[in-house]
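For reference, the chains in residue letters:
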Amino acid sequence: MKSSCLRPLAALLLTVGLAACGGKASYDVSGTISGLSNAGLVLANGGDTVSPAVGATTFTFPKRIDYGTNYTITVKTPPAHMNCTVSGGTGSAGLYVSIEAFVSCQQNTYTVGGTITGQTVDGLVLGNGSTSAQLTVAKATATFVMPDAVADGNSYGISVITNPVGQTCTVATNPATGLSTGVGIMGEAKVDTVKIVCTTP
Amino acid sequence: MKNVYLRSMLAAACAATLAACGGSGGNMYLSGSVIGLAKTGLILQNGSEDLAVTAGASSFVFVNLIKSEDRYDIKIKQQPKGATCTMTNGSGKANSYSVSTAYVSCITDTYALGGSVTGLNASGLTLVNGLSGSISPLQGATTFTFPAVADGSTYNISISSQPAGLTCKFQGSTSPDGHDIVGVMGSGPVSSLALNCAPK
């Protein structure tokens, strides 16, 4: 009786001991985040997902993975108005001391531009504020795109900085709003509705 | 055992001698990076050598060569006009790594830009300076100000939203509807713009 009880116990102890020895360590699948200023980000590692909150600078998946298990961290759903990229998101657990992926998020940007009519002389310069690049337009150009893209949600305002010699160019008014066609707040698509009209007196 | 000890001593001494020798003629350029320099007039100095750095430069290299173990101390002798630069990693003992680790970071001076507004007896006015920010003067305001516009930059302030029931126009606007005002920022604050609002 005594010996039959001892034997399984010994076997159990041995198994536990071996498991500890065997290095069946488990690892957090985790990392850091920068620039997460909108809600909605969902990261996935296989079927496991995590939804970092706005402003989060770190994330850890709910499930730990065993030594030697491959992981692939992907962006399952980007945050609203943003694009996120993952670096260091694939590998095999245990290759490094810990799993430290890096997720970098940026606001989506779209271009702003439009049409030009009546420009018969070179030298039209368009601007969009003090900190972004100006655009010099050659004569007879039908459409233009400003060099610096505008982040989703940001304001823009296009003006004529310099007229072509002998011509007067203006940013047309939108009759529907009474506002300039050169102003607005960037949405989720490029703007190509700025209207520049040049006349020769 | 003793032999091994002696050998490593010898090797170390040899390496030290070679390193010292290597620099005796002065064989390294003292250089660095420049970030954000939009203005002219920056002069750097290392010892007795001055080096002018032009606007838009992304790096600098002193003409005089420097030798290993020499001390260097790069200073800003003259700030650019309209900008403030700071030096990082500007001093140290020369080796092949350290002689290119200095960097100069410059920020163009900014000034307030604004003016007066009349007739603003409704809310809803928003002004934008292109991508450089927006302000929304409150109902009853008599002035408006963009707090920081860089020295020498071109501004174009547009009305991106009119107050309810009003139409505002900039004095001196070249646009027929008066919706914008264009100018170049000088080396000081500007408060001479004028915006007039009237019922539609």
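Keep in mind that what you see is a predicted model, and the values were worked out from it rather than measured.

## Some points on the overall build of chain B
Phase 1 of the analysis: If you tally the helices and strands in chain B, you get 1 helix and 16 strands.
Phase 2 of the analysis: Counting every position in chain B, which comprises 200 residues, the buried fraction comes to 29%.

## Concerning the nonpolar core
Considering soluble globular proteins, one finds that nonpolar side chains tend to be buried as a cluster.
Phase 1 of the analysis: Counting residues in hydrophobic clusters, the biggest one holds 41 residues, and the most contacted among them are A:Val112, A:Leu126, A:Tyr156, A:Ile158 and B:Leu195.
Phase 2 of the analysis: With near-sequence residues (within four places) excluded, B:Leu195 lies in contact with B:Gly115, B:Val117, B:Phe144, B:Cys168 and B:Phe170.
Phase 3 of the analysis: The next biggest cluster of nonpolar side chains, apart from the first, holds 15 residues, and it includes A:Tyr27, A:Leu43, A:Val50 and A:Ala93.

## As for the domain arrangement of chain A
Buried accessible area, meaning the area lost when the parts come together, often serves as the stated size of an interface.
Phase 1 of the analysis: Each assigned domain of chain A is listed with its residue range as follows: domain 1 (24–107) and domain 2 (109–199).
Phase 2 of the analysis: The centre of domain 1 of chain A, based on its C-alpha atoms, is set 41 Å off from the matching centre of domain 2 of chain A.

## Remarks on the interface of chain A and chain B
Phase 1 of the analysis: Listed as interface residues are 24 residues of chain A and, on the opposing side, 24 residues of chain B.
Phase 2 of the analysis: Looking at the side of chain A that touches chain B, the elements with two or more residues in it are β17 (155–157), β18 (159–162), β19 (168–171) and β20 (183–185) of chain A.
Phase 3 of the analysis: Looking at the side of chain A that touches chain B element by element, the count peaks at 3 residues for β17(A).
Phase 4 of the analysis: Taken together, the residues of the side of chain A that touches chain B sort by class into 6 nonpolar, 17 polar and 1 charged.

## Concerning the pairing of strand β3 (residues 42–45) of chain A
Residues and elements named next belong to chain A.
Phase 1 of the analysis: Side chains Leu43 and Asn45 project from β3 onto a buried face, and the interleaved Val42 and Ala44 project onto a face without burial.
Phase 2 of the analysis: Across 4 bridges, the pairing between β3 and strand β7 (residues 70–77) is antiparallel. Note on β7: the bridge partner recorded for Val42 is Thr77.
Phase 3 of the analysis: Here 3 bridges tie β3 to strand β4 (residues 48–50), and the two strands are oriented antiparallel to one another.

## Describing the environment of A:Asn128
All names here are of chain A.
Phase 1 of the analysis: Tracing the backbone shows Asn128 in the loop between β13 (124–127) and β14 (135–137).
Phase 2 of the analysis: C-beta crowding within 10 Å serves as the criterion here: with 29 such atoms nearby, Asn128 is assigned to the buried category.
Phase 3 of the analysis: The spacing of Asn128 and Asp148 is 20 residues in sequence and 8.7 Å in space, taken between C-alpha atoms.

About the thresholds
- Residues numbered from 1 in each chain as written.
- Chains lettered and ligands numbered in written order.
- Predicted model: local features only at pLDDT ≥ 70, side-chain atom pairs only at ≥ 80, totals over all residues.
- Helix = DSSP H or I, 4+ residues; strand = E, 2+ residues; numbered from the N terminus.
- Buried ≥ 20, exposed ≤ 12 C-beta atoms within 10 Å, placed from the backbone.
- Core = buried A, V, L, I, M, F, W, Y, C linked by C-beta atoms within 7 Å.
- Contact = placed C-beta atoms within 7 Å.
- Domains from an automatic or database assignment.
- Nonpolar A, V, L, I, M, F, W, Y, C, P; charged D, E, K, R; others polar.
- Pairing = 2+ DSSP bridges.

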